[in-house]
Amino acid sequence: KVISELKKKAKDADTVILATDPDREGEAIAYHVAEQLGYEKNRERFQRVTFREITKGAVELALASPGPLNTNKIEAQQARRILDRLVGYQVSPLLWKPIRPGLSAGRVQTVALRLICEREDEIRVFVQEEYWSITAHLRHNETAFDARLHKINGESLELQNEAAASSVVEDVDAIPFGATEVKRRERKKNPAAPFTTSTLQQAAAKRLRYSARRTMSNAQRLYEGQAIGDRGQVGLITYMRTDSTRVSPNAVNSARQWIESEFGDEYTPSAPRLYGGQQQAAAQDAHEAIRPADVTIHPSEVARYLEADQARLYELIWLRFVASQMSPAIYDTTTVDFHLTGKSGGGYLFRATGSIVKFAGFTRLYIEATEAGDEGRLDDLEPLPEFIKGDVAQLSSIEPKQHFTQPPPRYSEARLV
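Now for a look at the structure at hand. (Residues numbered from 1 in each chain as written. Predicted model: local features only at pLDDT ≥ 70, side-chain atom pairs only at ≥ 80, totals over all residues. Heavy atoms only, no water.)

1. Some words on the overall build of the chain
- Looking only at helices and strands, the chain has twelve helices and eleven strands in total.
- Scaling as 2.2 N^0.38, a compact globule of 417 residues should have a C-alpha radius of gyration of about 22 Å, whereas the chain reaches 29 Å, well beyond that.
- By residue count, 40% of the 417 residues in the chain fall in the buried class.
- Taking the intrachain contacts of the chain between residues at least 6 apart in sequence as the baseline, contacts between residues at least 24 apart amount to 78%. (Helix = DSSP H or I, 4+ residues; strand = E, 2+ residues; numbered from the N terminus. Rg over C-alpha atoms; globule rule 2.2 N^0.38 Å. Buried < 20%, exposed > 50% of the residue type's maximum accessible area, 1.4 Å probe, protein only. Contact = heavy atoms within 4.5 Å.)

In structure tokens form, the structure reads like this:
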């Protein structure tokens, strides 16, 4: 039905413009449509246009500079399809009898399943081990803080049982905690790159608790566009299937102008931040990163026109993109070492680390969400009281604590992505 309608419309047209999605699948679809409409008889009649954001400007620009179909992309899609069949047609039937008829094992599911199985194997063979930590609860200048046992006799040793931990506590009990070394340094933290498909799915899972499917269906609707008050029908984000972090210079300039007008010069780096290119040799780089199509459309402006899921996802994309063009956050970190000589003559190093935000930078706008298993962050550390070498902290208590090593966790959807 669709093909016969297309043939009827194309019959008397001088030109057929192919404007399917700007990826391998889209290119192959454009080719198959063109083939049905007489591409092999008269190739000159067909024009290919691509746009990565559904905005008036982007569509007009694409129509002004049409080109031919991209043979490499078409062949890449065909190769991908053959791979699907080589894997799928041979492996899928193996699953039907023992598990369930109709299951599919493609080139993607098969690899994901292997990752999950390998992780499960690691969990099954994992042997739990006991270890103990020792924390000194201290006070200085009316501020409470903690110092953890870091080394014994200059070496990093694990205390493997309660007896070993108790002997350390007895050995350092009532020994003064004098600061033997105080180190201060400034650390910078740069903003994360704008979203790719996978990083968007991860962030939406951690921050919004969205499944990958929920994220992508809402992103599709944001890309296709919504009616936004006086602005009319507007495509709100760029194409959402991408593995590139590259961004158009125009979008970068818009973000920098917004940052400067909202926060001032100190939050706007002297030069635009560049992402992508040589940092991602394996990326197709056919599309930009996922970003708002127009930075001037603030999340608060569009929220009332969108469904709740779409509004929250648009806000996440907008915040991440604008923050990616902001100045780094600057932290002052302080490390205080307490070298103690125990009653037995053993050497113990207790260490306290703290951090304060010296300049908020991009974190004024956007802080990444984390989940269990993510590494600690500078903004998670408590500040330490002011110390100089030789200062003695008051000891409130020394706490030995039992721990057990944990197997690697099973994948969350975000971590599997």
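2. Details of the nonpolar core
- Core analysis: the biggest nonpolar cluster contains 48 residues, and Leu236, Ile237, Leu313, Tyr314, Leu316 and Leu365 have the highest contact counts within it.
- Counting residues per element, the ones that place at least two in this core are helix 7 (197-208), helix 8 (212-224), helix 9 (249-263), helix 11 (308-323) and strand 9 (329-341).
- Considering each element in turn, this core owes the most residues, ten residues, to helix 11.
- In contact with Tyr314, other than residues within four places in its own chain, are Leu222, Leu236, Ile237, Pro292, Asp294, Ile297, His298, Pro299, Val302 and Leu306.
- Formed by 26 residues, the second largest nonpolar core is a distinct cluster that contains Trp132, Leu149, Tyr348 and Ala393. (Core = buried A, V, L, I, M, F, W, Y, C linked by side-chain atoms within 4.5 Å.)

3. Describing the layout of surface pockets
- Its boundaries defined by the atoms lining it, the largest pocket holds a volume of some 1,100 Å³.
- Lining the largest pocket are 31 residues, and of these Arg80, Val108, Thr197, Gln201 and Arg241 sit closest to its centre.
- Every element with two or more residues in the lining of the largest pocket is listed here: helix 2 (24-36), helix 5 (109-125), helix 7, helix 8 and helix 12 (413-416).
- Class assignment for the residues of the lining of the largest pocket results in eleven nonpolar, ten polar and ten charged. (1 Å grid on protein atoms, 1.4 Å probe; cavity = no way out; pocket = protein on both sides within 12 Å on 5 of 7 lines; lining within 4 Å. Points joined across faces, edges and corners; volume = space filled by probe spheres on them. Nonpolar A, V, L, I, M, F, W, Y, C, P; charged D, E, K, R; others polar.)

4. Things to note about the sheet that holds strand 5 (residues 177-178)
- Taken in spatial order, the seven strands of this open sheet run 5-11-3-4-10-9-6, and their pairing is antiparallel. Because the sheet does not close on itself, it has two edges, and the strands there are strand 5 and strand 6 (181-189).
- Bridge count for strand 3 (residues 130-140) against strand 11 (residues 392-404) is ten bridges, and the pairing is antiparallel. What sits directly across from Thr135, in strand 11, is Glu399.
- Sheet contacts for helix 6 (residues 162-172): strand 3, strand 4 (143-152), strand 9, strand 10 (347-359) and strand 11; angle to strand 3, the most-contacted strand, approximately 25 degrees. (Pairing = 2+ DSSP bridges. Axes fitted to C-alpha atoms, helices over the stretch in contact; angles between N-to-C directions.)

5. Observations regarding the packing of helix 7 against helix 11
- At a closest axis distance of 11 Å, the pairing of helix 7 and helix 11 adopts a crossing angle of 120 degrees. The orientation of helix 7 relative to helix 11 falls into the category oblique. Helix 11 is crossed by helix 7, and the crossing has right-handed handedness. When helix 7 is examined against helix 11, the residues Thr199, Leu200, Ala203, Ala204, Arg207 and Leu208 are found in contact with a partner set consisting of Arg312, Leu313, Leu316, Ile317, Leu319 and Arg320.
- Considering only residue class, the contact of helix 7 with helix 11 consists of eight nonpolar, one polar and three charged. (Parallel < 35°, antiparallel > 145°, perpendicular 65-115°, else oblique. Left-handed = near helix turned anticlockwise from the far one by under 90°.)

6. Describing the packing of aromatic side chains
- Applying the stated rule across the entire model yields twelve aromatic pairs.
- Centre to centre, the rings of Phe145 and Phe387 are 5.5 Å apart; their planes meet at 80 degrees, and the pair counts as edge-to-face. With Phe145 in strand 4 and Phe387 in the loop between strand 10 and strand 11, this residue pair connects regions lying 242 residues apart in the sequence.
- Ring pairs connect the aromatic residues Phe145, Phe177, Phe338, Phe350 and Phe387, which therefore count as one cluster.
- Of note, Arg119 hangs over the ring of Tyr411, and the distance from its end group to the ring centre comes to 4.5 Å. (Phe/Tyr/Trp six-rings, centres within 6.5 Å; stacked < 30°, edge-to-face > 60°. Lys NZ or Arg CZ within 6 Å of the ring centre and 35° of its normal.)

7. Brief notes about the environment of Gln233
- Mapped onto the fold, Gln233 is located in strand 8 (residues 233-234).
- Take Gln233: its relative accessible area is 56%, and that puts it in the exposed class.
- With 178 residues separating them in the primary sequence, Gln233 and Thr55 have C-alpha atoms 8.8 Å apart.
- Non-local contacts of Gln233, meaning those with residues more than four positions away in its chain, are made with Glu224, Gly225, Gln226 and Ala227.
- Within polar-contact distance, the side chain of Gln233 engages the backbone oxygen of Gly225 at 3.1 Å.
- In terms of polar contacts, Gln233 uses its side chain to reach the backbone amide nitrogen of Ala227, at 3.4 Å. (Polar contact = N/O pair within 3.5 Å; in protein donor to acceptor, adjacent residues only side chain to side chain.)

8. Regarding helix 8
- With 13 residues, helix 8 extends 18 Å between its outermost C-alpha atoms, agreeing within 8% with the 18 Å of an ideal straight helix rising 1.5 Å per residue.
- For helix 8, the set of buried residues is Ala212, Thr215, Met216, Asn218, Ala219, Leu222 and Tyr223.
- Its buried side turned inward, helix 8 meets helix 7, helix 11 and helix 12.
- Gly225 sits one or two residues past helix 8 and shows a positive phi near 110 degrees. (Expected span 1.5 Å × (residues − 1).)

9. Some words on the pattern of salt bridges
- Enumeration according to the criterion identifies 15 salt bridges in this entry.
- Between Glu40 and Arg43 there is a salt bridge; the shortest N-O distance is 3.0 Å.
- With relative accessibility at 46%, the residue Arg43 sits in the partly exposed group. (Salt bridge = Lys/Arg side-chain N within 4 Å of Asp/Glu carboxyl O.)

10. Focus: the environment of Pro292
- The topology assignment puts Pro292 in the loop between helix 9 and helix 10 (299-302).
- Judged by its relative accessible area of 0%, Pro292 is buried.
- Look past the residues within four positions of Pro292 in its chain and what remains in contact with it is Leu236, Ile237, Tyr314, Ile317, Trp318 and Phe321.

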